[in-house]
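Survey of secondary and tertiary structure
Residue-level listing of the chains:
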Amino acid sequence: MVGRLSKVISLCAIVTIATVLCMPIGGLFGVVSSVAAQDEETETVLRVGFMQKVDSLNPMVGLTDAAYVFYGLVYDALHSVGNDFETVGNIATNWSIVPVTDPELVASEEPYGSVWEFDLNPDARWHDGEPFTAEDAEWVIDMNGEFYETWWAYQPYAYFMHYADRVDDDTIRIHFYERESGEPTPAAYAELICIPMIPRHKLESMTPFDIAFTWNGLFDDGGPPIVGTGPFMAGPDIEDEYFEGNHITLLKNPNHHWAEEGKEVQFDKLVMYFYDDSVAMNLALQNGELDIAQFPPSEYDALKSDVEDGDVADIEVFDGLKCTQYWTEIAFNMNNQGPNPARLDPAVREALAMATNKQWIVDQYYLGYADVGSTLISPVNELWHYEPTADELYDFDLAAAEQHLEDAGYKYTTASPNVRVATVDSLAVKEGWVPPDTPLAFDMMIRIEFPEEKEIAAYLVEVWADIGVALTYTVMTEAKLSTEAYSYAYDTMIWYWSADPDPNFMLFCQSEWSWAGWNDNMYTSEAYEENYSKSISEFDYETRKEYTDNCQRANYLDAAYIILAYPYQTYAWRTDTFTGWGDWEGDPGRSMDAFWTGNPLFFDLVPDDTTPPVTDPEIDIMVIVGAGIAVAAVVAVAALLLMKKKGGKKEEGESPLGE
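Residues numbered from 1 in each chain as written. Predicted model: local features only at pLDDT ≥ 70, side-chain atom pairs only at ≥ 80, totals over all residues. Heavy atoms only, no water.

Some remarks on the pairing of strand β2 (residues 45-50)
- Here β2 lies mainly inside the structure; six of its six residues are buried.
- Covered by surrounding structure in β2 are V45, R47 and G49 together with L46, V48 and F50, the residues of both alternating faces.
- Where β2 and strand β12 (residues 292-294) come together, two bridges link them in parallel fashion. Following the sheet pairing, V48 is matched in β12 by I292. (Buried < 20%, exposed > 50% of the residue type's maximum accessible area, 1.4 Å probe, protein only. Helix = DSSP H or I, 4+ residues; strand = E, 2+ residues; numbered from the N terminus. Pairing = 2+ DSSP bridges.)

Okay, here's the thing in structure tokens:
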């Protein structure tokens with residue numbers, strides 16, 4: 001979130017600063033360390049470093065990965081994901097398909113699999129002490145289903161949800177249907193529903209629109225500032241921390257319902273620290289001011305080398321495919337609006353796929369910390385990933401790409417000797433998408449937050465020019481890119497996706513049903529839609545996988561996405577402050593990235609009591625960076641310097657996914 005820092009300094013503060021500036025640096029370190037140590041002596045704190053910020057405290061609004069990690073800490077869902085990607089209960093303790101012999105289904109004639117029953121944990125309580133009830137779960141499901149377009153954030157789950165009803169105080173049933181026809185439909189994906197449970201008793205007086213767009217995620221009625229049921233609770237200063245933008249403090253929830261099952265968080269606080277500089281975050285980790293952090297490839301590579309060479313002690317590194325199935329892609333807008341609709345010609349997209357050297361991108365711009373991209377489901381998800389056959393793959397071949405464009409009617413001319421133009425023989429002209437002599441020149445949107453993507457775009461400018469295609473890229477904030485993407489008036493962009501272990505989430509996001517919601521390039525095809533529709537209601541794994549494979553194959557061959565890479569999670573953590581990090585390679589569901597609520601990692605981490613208290617990175621990093629900033633921190637402790645970061649604000653009614 002873009003912010004503007006304003007400082008108000010009293011005359012007394014100025015005098016104090018002058019006094020502190022006269023202190024020896026060693027004395028300054030002593031002041032900082034003593035302040036931090038007083039706070040640490042009786043508390044155990046897990047400190048996590050992020051290169052992104054939580055962009056909203058409202059779980060209906062946030063988009064960044066850091067935001068979803070935050071939501072997974074303070075809220076619970078019906079289900080969580082276990083160490084091995086398996087579904088585990090959270091708010092729901094048991095779930096099953098209601099048999100067709102049930103009197104309700106006999107009367108309604110709803111088909112098998114269209115009604116599911118969920119037993120809820122009777123020990124779950126909201127952070128303000130109120131009991132969690134079936135009425136709460138019913139309200140959340142009904143709101144997501146009834147106000148599907150307004151409550152956009154969890155549409156991949158909610159699209160097929162009709163309504164919920166209470167069986168008793170601790171049991172609900174969810175009815176699924178096909179939204180367009182209104183007919184009941186089986187829902188194979190109902191074994192993993194990760195919609196966060198938000199507090200009905202706090203929100204039901206608000207309109208659905210206000211909850212989805214204008215609510216800031218906080219309550220100012222004297223109770224907890226955020227009310228969920230998750231294993232962590234918001235600290236009392238979270239509003240100030242959020243707007244200051246440096247860190248967010250969460251407290252262990254002493255009444256989390258998993259304690260009854262013998263699973264309990266073993267530390268007192270979790271602090272999320274947000275960095276703009278990966279070097280500073282690396283330094284904080286090495287100095288013992290962070291316990292774990294995820295780094296960009298270049299910084300991670302340097303740290304990994306230091307660890308392997310023995311130059312850095314007490315740190316373990318890990319790189320491997322992200323459990324969230326994160327991948328980056330070149331997306332082509334499949335709507336006929338936009339600067340150059342020639343991109344709608346499959347031959348143009350196929351040629352560009354052949355002219356994109358994914359291995360080079362992985363090696364050069366991800367420094368090898370990624371796998372070459374192919375289809376919609378990441379290979380970390382072994383159950384559902386489809387890898388194209390040798391005959392299907394778009395291998396990097398500039399000569400073949402150039403010939404493909406030539407054969408499709410895109411030629412060089414005297415007026416355009418370097419950029420091919422559409423001729424009367426091209427599909428783009430035949431279909432009336434563009435007039436004759438329109439050059440194959442496209443715009444591309446790039447996120448400013450990810451510098452490697454600018455480098456990738458610069459590479460594409462050069463290599464696509466070799467086959468006669470011109471590319472111009474524009475760097476913008478991710479917030480702006482998301483708005484532009486869902487206006488469906490662009491040519492191309494580099495963006496990303498994350499997804500759930502069940503394939504429904506990702507496949508929904510490329511279906512026609514998610515246009516103007518989650519489908520960011522307006523993709524559809526007859527083969528894709530037919531197979532996706534069948535996959536929703538198919539319970540046999542082998543048959544369902546055939547349908548999901550067909551979806552991935554169709555999407556890959558249509559080249560509406562050129563999936564560039566499956567970037568790795570590149571984490572480093574200290575081994576002398578906590579134990580219990582586990583095997584992230586063998587147990588991908590326990591990564592810090594796992595945002596599906598109830599992350600098993602946080603219940604296994606145990607503080608090392610032999611480790612001396614460490615200082616606060618928010619303070620010590622300032623000391624390291626410069627004495628002047630450190631002085632500001634000390635003065636802040638003395639309450640003589642008031643610093644306020646004023647964040648940007650979305651206009652009312654503006655969806656983070658666009659209009």
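So, the nonpolar core
- Residues F70, M161, I174, F176 and L270 are the most contacted members of the largest nonpolar core, which totals 154 residues.
- Beyond its immediate sequence surroundings of up to four residues, F70 is in contact with V54, L57, I226, I238, I248, L250 and M272.
- One finds V348, M354, I467 and I494 within the second-largest nonpolar core, a separate group that totals 43 residues. (Core = buried A, V, L, I, M, F, W, Y, C linked by side-chain atoms within 4.5 Å. Contact = heavy atoms within 4.5 Å.)

Re the confidence of the model for the chain
- Taken as a whole, the chain shows an average pLDDT of 88; of its residues, 86% reach a score of 70 or greater.
- For the stretch residues 1-40, pLDDT sits under 50, and the model shows 56 contacts to residues farther than four places along the chain or on other chains.
- Residue range residues 619-659 is modelled with pLDDT below 50. Its contacts to residues more than four positions away, or to other chains, number 91 contacts. (pLDDT = per-residue confidence, 0-100.)

Side note on the side chain of N555
- Its place among the elements puts N555 in helix α20 (residues 541-558).
- Leave out the neighbours within four places in its chain, and N555 touches L376, Q510, Y523, Y528, A560 and Y561.

Description of helix α13 (residues 358-365)
- Taken together, the buried positions of α13 are K358, I361, V362 and Y365. All buried residues of α13 project into a common sector of 110° when viewed along the axis, lining one side.
- In this structure, the buried residues of α13 make contact with β15 (370-372), α16 (451-465), α20 and β21 (561-574).
- Trailing α13 by a residue or two, L367 shows a phi angle of about 55°, which is positive. (Arc of directions from axis to C-beta.)

Quick word on the pairing of strand β18 (residues 441-447)
- Taking burial as the measure, the seven residues of β18 include five buried ones, the bulk of the element.
- Two elements, β18 and strand β19 (residues 470-476), share seven bridges in a ladder whose sense is parallel. Each residue of the ladder has a partner; that of M445, found in β19, is T474.
- In this fold, β18 hands off to α16, which returns the chain to β19; that crossover is right-handed. (Right-handed = clockwise from strand over helix to strand, strands pointing away.)

Some remarks on the packing of aromatic side chains
- Enumeration over the complete set of coordinates arrives at 43 aromatic pairs.
- On the numbers, 6.2 Å between centres and 70° between planes, the contact of Y486 with W495 is edge-to-face.
- Judged by relative accessible area, which is 6%, W495 ranks as buried.
- In this structure an aromatic cluster arises from ring pairing among Y148, Y159, F160, F176, Y189, F508, W513 and Y532.
- Against the face of Y148 rests R179, its NZ or CZ located 4.5 Å from the ring centre.
- Taking NZ or CZ as reference, R447 lies 3.8 Å from the ring centre of F450, over its face. (Phe/Tyr/Trp six-rings, centres within 6.5 Å; stacked < 30°, edge-to-face > 60°. Lys NZ or Arg CZ within 6 Å of the ring centre and 35° of its normal.)

Describing the pattern of salt bridges
- All chains considered together, the criterion is met by 26 salt bridges.
- One salt bridge connects R200 with E135, and the closest N-O pair in it is separated by 3.7 Å. Here R200, found in helix α7 (residues 200-203), pairs with E135, found in helix α5 (residues 134-146); they are 65 residues apart in sequence, far enough to count as distant.
- Here R200 falls in the buried class, since its relative accessible area comes to 13%.
- Taking relative accessible area as the criterion, E135 reaches 34% and is therefore assigned partly exposed.
- As a salt-bridge pair, K545 and D549 come within 3.0 Å of each other at their nearest N and O atoms. Highlighted residues: K545 and D549, both in helix α20, separated by four residues, approximately one helical turn. Of the two residues, K545 and D549, both sit in the buried class. (Salt bridge = Lys/Arg side-chain N within 4 Å of Asp/Glu carboxyl O.)

A look at the sheet that holds strand β7 (residues 161-168)
- Strand order in the open sheet formed by four strands is β5-β6-β8-β7, and the pairing between neighbours is antiparallel. With partners counted over all chains shown, the strands left at the sheet margins are β5 (92-97) and β7, one partner each. Across this sheet, the average inter-strand angle for adjacent strands is 20°, counted without regard to direction.
- Across the sheet, α5 lies against β6 (115-120), β7 and β8 (171-176), angled at about 170° from β7, the strand it touches most. (Axes fitted to C-alpha atoms, helices over the stretch in contact; angles between N-to-C directions.)

Description of the side chain of T171
- Position of T171 relative to the elements: it lies in strand β8.
- Side-chain polar atoms of T171 contact the side chain of D119, separated by 3.5 Å. (Polar contact = N/O pair within 3.5 Å; in protein donor to acceptor, adjacent residues only side chain to side chain.)

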